[in-house]
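Chains, contacts and geometry: an overview
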Amino acid sequence: MSKKVICFGEMLWDCFPDGEVAGGAPMNVALNLKQLGVDVEMISRLGNDAYGEKLKDFLATYSLPLRLVQEDSEHPTGKVLVDDTDKENIKYEIVEPSAWDFIELTSANQETVAKADALIFGSLGVRNETSWKTLYHLVHQPLLTIFDINLRAPYIDFYKIDSLLGYTDILKINEDELEILADFFELKRKGDGLAKDLCDYLVEEYPIEAICITHGSKGAMVYKDGKIISHSGYKVKVEDTVGAGDAFLSGFVKMYLEGRNLKETLDFASKLGAYVATQKGGTPKYKMEDVETVGS
C-alpha cells in the first residue's frame, strides 16, 4: 500500500553568486520523495510575484502537487543568499519576512494531514508565529511525525523546539546540531559517547522512536531501541553539499515507511545523500540507477 507524506515549511530560491537554485529543506525533501515514487504534497506559501511564478514552473517539472501551496499578496517569495566559497561549509543569509513565514491553517491542509501517513517539518519554517501556530495544530494529528530540526541561527527558538520534540516520532539532526542540543540540555562531554548520551536523554524525555544523526562526509548513524547503527558513508567527488542532508532524510523516510530494516534504510539514505552531493543544487533530477552507481 502506498504511503502519503506531507512536507511543511519553507520553499524559496537559494541565490548563489553564479545563479539561483530552487531550495528550502522541506521542499527539497518533497522533491526527492516525489522522484523516489512516494505520494507527497507540500504545505507552504509563495509570494504573488515573479519569483513565485518561477518556482511554480520549476515544481511543475517534478509534477509536485501545488494545491496546498498558498499565495501571498503581501509578502514576497522566499530567498536565501548563499556563500558557497567553502564547499564543505555553506553559509546562508535567510531573507525575512517571506511568504512561507505566513502559512495559514486551512481546512484543506488539516484534512490532508489527517489522512496522511507522515508529516515532515523543521524548526526554520516556524520562525514566524503564523506558520508556528499552523504547524503546532497539524502535529497533533495521529500520524508519523518527522522533525528535521534544521537549526539556522539566529532562528533557534528552544521553546518551539521543545514543543515540537513532544510530538516527534523520528528526529533528524547533523553533527553541529548535536553539539547545540547537547549544550542546551547540559549534557557532559564523554568523548565519542556524546551522541548516545544525547539520544538516551531525548528518548527518555520525549516520545521519539528513532534518531538520525548525519556527519557529512563521515557518514551517519541511527539510534533506535537504545542501540546505534552506523554507516561510514560513501566517498564521492563533491560538487556542493546543498540538499545532501535533505536527500538523506528522503531516502530514510521512503525505506522506513516501507518497513525496511534499519541497516538497509541507513545504507540507501547514505547513498542518496552522497549522490546529491555530487550534483549542483539541492534537487537534481535522477533515476534510481543513477543512485545505485554510488559506491559501485
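Sequence order as written defines the numbering, with residues in each chain counted from 1. Reporting of local features is limited, given that this is a predicted model, to residues whose pLDDT is at least 70; pairs of side-chain atoms are given and counted only at 80 or more, and all residues count toward the totals for whole chains, interfaces and linings. Side-chain calculation: all heavy atoms of the structure are included, whereas hydrogens and water are not.

In the annotation of an unreviewed UniProt entry, the chain is listed under the name Carbohydrate kinase and assigned to Belliella alkalica. UniProt positions are given in the numbering used here, feature names are shortened, and annotations may be inferred rather than shown by experiment. One UniProt comment on the chain, placed under Sequence similarities (unreviewed entry), says "Belongs to the carbohydrate kinase PfkB family."

Digging into the nonpolar core
To qualify as a nonpolar core, a set must consist of buried Ala, Val, Leu, Ile, Met, Phe, Trp, Tyr and Cys residues joined through side-chain atoms within 4.5 Å. For the exposure calls, accessible area comes from a 1.4 Å probe over protein chains only, and a residue counts as buried if that area is under 20% of its type's maximum, exposed if over 50%, partly exposed in between. Ranked by internal contacts, the top residues of the largest apolar core, which has 39 residues, are Phe8, Leu119, Leu165, Leu171 and Leu202. Broken down by element, the residue count for this core peaks at five residues, all from helix α7 (residues 194-205). Judged by nonpolar contacts, the second largest core, of 38 residues, contains Met27, Leu46, Cys212 and Leu249. Think of it this way: any DSSP run of H or I at least four residues long counts as a helix, any run of E at least two long counts as a strand, and we number them from the N terminus.

Points about the pattern of salt bridges
Criterion for a salt bridge: a side-chain nitrogen of Lys or Arg within 4 Å of a carboxyl oxygen of Asp or Glu. Applying the stated criterion across every chain yields a total of 18 salt bridges. Note that glutamate 258 is salt-bridged to lysine 254, the shortest N-O span being 2.7 Å. Its relative accessible area of 39% is what places glutamate 258 among the partly exposed residues. When salt bridges with common partners are traced through the structure, they connect Lys4, Asp39, Glu41 and Arg67 into a single cluster.

Notes on the sheet that holds strand β3 (residues 19-23)
Strand order in the open sheet formed by four strands is β3-β2-β6-β7, with mixed pairing between adjacent strands. Where the open sheet ends on each side, the last strands, each with one partner, are β3 and β7 (91-94). With direction set aside, neighbouring strand axes in the sheet form an average angle of 30 degrees. Where strand β6 (residues 78-83) and β7 come together, four bridges link them in antiparallel fashion. In the strand pairing of β7, valine 82 is matched with tyrosine 92. Pairing between strands is defined by DSSP: at least two bridges between them are needed. A fitted line through C-alpha atoms serves as each axis, taken over the contacting stretch for helices, and the angle formed by two N-to-C directions is quoted from 0 to 180°.

Comments concerning the pairing of strand β4 (residues 39-47)
Counting buried positions along β4 gives eight out of nine residues, so the element sits mostly inside the fold. When strand β1 (residues 4-8) meets β4, the two strands line up parallel, connected through five bridges. Counted as the bridge partner of valine 5 is valine 40 from β4. Where β4 and strand β5 (residues 69-72) come together, four bridges link them in parallel fashion. Directly across from arginine 45, in β5, lies its bridge partner glutamine 70.

Topic: the packing of aromatic side chains
Ring pairs are drawn from Phe, Tyr and Trp, using the six-membered ring of Trp, whenever the two centres fall within 6.5 Å, and their geometry is named by plane angle: stacked under 30 degrees, edge-to-face over 60, tilted for the rest. Taken as a whole and assessed by the stated rule, the structure comprises 13 aromatic pairs. Measuring from ring centre to ring centre gives 4.9 Å for phenylalanine 185 and tyrosine 201, while their planes differ by 45 degrees; the resulting arrangement is tilted. Of this pair, phenylalanine 185 sits in the loop between α6 (175-184) and α7 while tyrosine 201 sits in helix α7, and the two are 16 residues apart along the sequence. Of the residues examined, tyrosine 201 reaches a relative accessible area of 25% and is grouped as partly exposed. With 5.6 Å between their ring centres and 25 degrees between their planes, phenylalanine 252 and tyrosine 256 make a pair best called stacked. Highlighted residues: phenylalanine 252 and tyrosine 256, both in helix α8 (residues 244-257), separated by four residues, approximately one helical turn.

A closer look at the environment of aspartate 117
Inspection of the secondary structure puts aspartate 117 in the loop between α3 (107-115) and β8 (118-122). Aspartate 117 gets classed as partly exposed once you look at its relative accessible area, which sits at 28%. For this analysis, residues touch if any pair of their heavy atoms sits within 4.5 Å. The contacts of aspartate 117, once residues within four sequence positions are left out, are Ser2, Lys3, Lys4, Leu143 and Leu144. Within the structure, aspartate 117 has its side chain in polar contact with the backbone nitrogen of lysine 4 (distance 2.7 Å). By the criterion applied in these results, polar contacts are pairs of N or O atoms within 3.5 Å in which, for protein atoms, one can donate a hydrogen and the other can accept it, and in which residues neighboring in sequence qualify only through two side-chain atoms.

Thoughts on the pairing of β8
With five of five residues buried, β8 is to be regarded as a mostly interior element. As judged from the three bridges shared by β1 and β8, these two strands associate in the parallel manner. Bridge pairing links cysteine 7 to isoleucine 120 in β8. With five bridges joining them, β8 and strand β9 (residues 144-148) adopt parallel strand pairing. Bridge pairing in β9 links alanine 118 to leucine 144. Crossovers are marked right-handed if the path from the first strand over the helix to the second runs clockwise, as seen with the strands pointing away from the viewer. Assessed by its sense of winding, the connection that carries the chain from β8 through helix α4 (residues 129-138) to β9 is right-handed.

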